[in-house]
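Survey of secondary and tertiary structure
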Amino acid sequence: MDKTSFSSCNKGKPIRCKAAICRKAGEALVIEEIQVDPPQAYEVRIKIICTSLCHTDITFWKLTHGPRAKFPKILGHEAVGVVESIGEHVDGFKQGDVVLPVFYPQCEECKDCKSPKSNWCARFCDDFLSNTRRYGTSSRFKDSSGEIIHHHIYVSSFSEYTVVDIAHLVKISPEIPVHKAALLSCCVSTGVGAAWKVAGVEEGSTVAIFGLGAVGLAVAEGARLHGASKIIGVDLNPDKFEIGKRFGITDFVNTASCGEKTISQVIKEMTGGGVDYSFECIGLASLMEEAFNSSRTGSGKTVILGMEKNASPISLDSRAIIRGRSVHGSLFGGLKPKLDIPILVDRYLKKELNLDGFITHEISFEEINKAFDLLVEGNSIRCIMWMDK
Ligand code: NAD
Ligand code: ZN
């Protein structure tokens, strides 16, 4: 049966379904029966078709303290689903639509959403402390004893059903294979967007990418699409060079074999003074500094995508900045989800954007803890979990 064909008669009623609950930081997830409440105004309840595991989930899974370390919770934010029912004041979505939930909001109305300068949404951007976008700590999930389960960055896709605010939902063409579409819900959009919108990589430019996971490989794909002539991958896993070649990686630096030299010295030697664009896609302060030090004096741009789990400060040479180098951060690759994801879908359908090679494993949702082992041990790029497999 077509995985996107769908009808439901639960409109307005709670749904009982399976979800993978994280009860304690770092512990294996437990598949439990939960209750998913109907969507409130501006919300949509979606049936997840498949979901994948991103390193950001690992970071939140391991968080032991601070206001974001809330348990029990339902993790997961890279997914594709189909609309089951809609709340009041929901325009533009109807039952059966294929949709991507996205952790990054776009209200489409605030000053920043209307400006082409960035993907910031002044109305809805916050520090991911709430459960639901417009209703604060109010949750749509309960376990079988009635205890509230927390949401995760407004998506919580490790559940057969989830409730998502319309500011976090994008309708897509059903022509794209669903498991490939799921990649556009986080990693590929983040990486491709960073090369395209944040850095503005152009024909003939040189690029260094620190960390060749799904995000870093997607940066390479974005740089390749925009004509970069030299794309240096930097990783401690030497297998990533061969894998990266498919995405346009032309050269490789193994962080474990730089000897006496720093990584940035090696990159400067390879490029006659540094790259035009460097990207950090790991989440380590020391490598953010090395990415900056690898960029070219005068005009080098560094884009930081990796999430440092302790939000540690970084130290940059102020003289290098005065001489024209710059650093940019970006969430969701600087993309406005509702505007830019359909463009990426279109580029995939026109066979410009390559989405092959990101998915290394496909398993059933019940086997979700395997996906954690694979990513933590560096043995997967993306592992797709099918809800109905
Ligand atoms: P991943 O775990 O799949 O990949 C990380 C890569 O970095 C791996 O290839 C690994 O071998 C390499 N690596 C790890 N430590 C290294 C080191 N010390 N030196 C060299 N290489 C090293 O991760 P991912 O899912 O691609 O995510 C990458 C980062 O991007 C994470 O920090 C994640 O939280 C972040 N992220 C940010 C956004 C955003 O909007 N900015 C979105 C998604 C993910
Ligand atoms: Zn992600």
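Residues numbered from 1 in each chain as written. Chains lettered and ligands numbered in written order. Predicted model: local features only at pLDDT ≥ 70, side-chain atom pairs only at ≥ 80, totals over all residues. Heavy atoms only, no water.

So, the pairing of strand 16 (residues 359-364)
As defined by bridge partners, strand 16 adjoins strand 17 (residues 382-386) across 5 bridges and the pair is classed as parallel. Its bridge partner being in strand 17, His361 is matched across the sheet by Cys383. Regarding the hand of the β-α-β motif, the stretch spanning strand 16, helix 11 (residues 368-376) and strand 17 is right-handed. (Pairing = 2+ DSSP bridges. Helix = DSSP H or I, 4+ residues; strand = E, 2+ residues; numbered from the N terminus. Right-handed = clockwise from strand over helix to strand, strands pointing away.)

Notes on helix 4 (residues 187-199)
Counted at 1.5 Å a residue, the expected span for helix 4 with its 13 residues is 18 Å, and the 17 Å between its end C-alpha atoms agrees. If you look at helix 4, its biggest bend is around 40 degrees, right at Gly193. In terms of residue burial, helix 4 counts as a mostly covered element, since 11 of its 13 residues are buried. Every buried residue belonging to helix 4 is among Cys187, Val188, Ser189, Thr190, Gly191, Val192, Gly193, Ala194, Ala195, Val198 and Ala199, and all of these are buried. At the exit of helix 4 stands Gly200, carrying a positive phi of roughly 70 degrees. (Expected span 1.5 Å × (residues − 1). Bend = angle between axes of the 7 residues up to and from the residue. Buried < 20%, exposed > 50% of the residue type's maximum accessible area, 1.4 Å probe, protein only.)

Describing the packing of aromatic side chains
Taken as a whole and assessed by the stated rule, the structure comprises 8 aromatic pairs. Geometrically, the ring pair formed by Phe128 and Tyr154 is tilted, given 6.1 Å between the ring centres and 45 degrees between the ring planes. Of this pair, Phe128 sits in the loop between helix 2 (111-114) and strand 6 (141-142) while Tyr154 sits in the loop between strand 7 (148-149) and strand 8 (161-165), and the two are 26 residues apart along the sequence. Residue Phe128 shares its accessibility class with Tyr154, and that shared class is buried. A ring pair is formed by Phe241 and Phe252, whose centres lie 5.5 Å apart and whose planes are at 15 degrees; its orientation type is stacked. Of this pair, Phe241 sits in helix 6 (residues 239-245) while Phe252 is found in strand 12 (residues 251-254), placing the two residues 11 residues apart along the sequence. Given a relative accessible area of 18%, Phe252 falls into the buried group. A network of ring pairs unites the aromatic residues Phe103, Tyr104, Phe128, Tyr154 and Phe332 as a single cluster. For the cation-ring pair, Lys197 lies above Trp196, with the distance from its terminal atom to the ring centre recorded as 4.7 Å. Above the face of the Phe292 ring, Arg325 is positioned so that its terminal group lies 5.1 Å from the ring centre. (Phe/Tyr/Trp six-rings, centres within 6.5 Å; stacked < 30°, edge-to-face > 60°. Lys NZ or Arg CZ within 6 Å of the ring centre and 35° of its normal.)

Section: the sheet that holds strand 12
Sheet architecture is open: 6 strands sit in the order 12-11-10-13-14-15, paired in parallel fashion. Of all the strands in the sheet, the pair left with one neighbour each is strand 12 and strand 15 (326-329). Neighbour-to-neighbour, the strand axes of this sheet turn through a mean angle of 20 degrees, independent of strand direction. Pairing between strand 10 (residues 206-210) and strand 11 (residues 230-235): 5 bridges, direction parallel. (Axes fitted to C-alpha atoms, helices over the stretch in contact; angles between N-to-C directions.)

Structural notes on the packing of helix 4 against helix 10 (residues 337-349)
Running from N to C, helix 4 and helix 10 point in directions that differ by 100 degrees, and their axes come no closer than 12 Å. In this view, helix 4 runs roughly perpendicular relative to helix 10, as classed from their interaxial angle. Residue-level contacts link Ser189, Val192, Trp196 and Lys197 of helix 4 to Asp340, Ile341, Ile343 and Leu344 of helix 10. Counted by class, the contact of helix 4 with helix 10 contains 5 nonpolar, 1 polar and 2 charged residues. (Parallel < 35°, antiparallel > 145°, perpendicular 65-115°, else oblique. Contact = heavy atoms within 4.5 Å. Nonpolar A, V, L, I, M, F, W, Y, C, P; charged D, E, K, R; others polar.)

A look at empty space enclosed by the protein
If you roll a probe as big as a water molecule over the atoms, it shows you where there is empty space left. In this structure the tally under the stated criterion is 2 cavities of 30 Å³ or more. Its volume calculated, the largest cavity comes out at about 80 Å³. Per-class residue counts for the lining of the largest cavity are 3 nonpolar, 4 polar and 3 charged. Within this model, the second largest cavity holds a volume of roughly 40 Å³. Top element by residues in the lining of the second largest cavity is strand 8. It accounts for 3 residues. For the lining of the second largest cavity, the residue count by class is 3 nonpolar, 3 polar and 3 charged. (1 Å grid on protein atoms, 1.4 Å probe; cavity = no way out; pocket = protein on both sides within 12 Å on 5 of 7 lines; lining within 4 Å. Points joined across faces, edges and corners; volume = space filled by probe spheres on them.)

Quick word on the packing of helix 4 against helix 5 (residues 214-225)
For the pair helix 4 and helix 5, interaxial distance at closest approach is 7 Å and the crossing angle is 45 degrees. As summarised for this structure, helix 4 and helix 5 are arranged oblique, according to the angle between their axes. The element helix 4 and its partner helix 5 pack so that their crossing is right-handed. Contacts between helix 4 and helix 5 involve Cys187, Val188, Thr190, Gly191, Val192 and Ala195 on the former and, on the latter, Ala214, Val215, Ala218, Val219, Glu221, Gly222 and Ala223. Its residues placed into classes, the contact of helix 4 with helix 5 shows 9 nonpolar, 3 polar and 1 charged. (Left-handed = near helix turned anticlockwise from the far one by under 90°.)

By themselves, these figures tell us nothing about what the structure is for.
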